[in-house]
Amino acid sequence: MFVDKKTYIGIVKFTLQSMVELARTDKSYNLTADTIHYYEITIRPEMQITQDEFLELCREVGIK
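Residues numbered from 1 in each chain as written. Predicted model: local features only at pLDDT ≥ 70, side-chain atom pairs only at ≥ 80, totals over all residues. Heavy atoms only, no water.

Asks: Looking at this structure, I do not really get the environment of Thr-32. What am I missing?
Replies: Assignment of secondary structure puts Thr-32 in helix H2 (residues 31-46). Taking the relative accessible area as the measure of exposure, Thr-32 reaches 56% and is therefore exposed. The sequence separation of Thr-32 and Ile-63 amounts to 31 residues, and the corresponding C-alpha distance is 8.3 Å. (Helix = DSSP H or I, 4+ residues; strand = E, 2+ residues; numbered from the N terminus. Buried < 20%, exposed > 50% of the residue type's maximum accessible area, 1.4 Å probe, protein only.)

Structure (structure tokens):
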């Protein structure tokens, strides 16, 4: 499935925000591991955004 870049960025940002919220409510959730997994399994293979763009979205939602 192909979506335009703006929509894709919105989906990624929403997913990252959901991950941050889960980390706040579930102390056993490993945000770092899940963020890396999300990038390696979903973001990188789809090649819709660059690693730098992904890292910027992470910073925007509070993932350092």
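Asks: Please clarify how the side chain of Gln-48 should be interpreted in this entry.
Replies: Within the fold, Gln-48 resides in the loop between H2 and helix H3 (51-61). Setting aside residues no more than four positions away along its own chain, Gln-48 makes contact with Phe-2, Val-3, Lys-5, Tyr-8 and Ile-43. (Contact = heavy atoms within 4.5 Å.)

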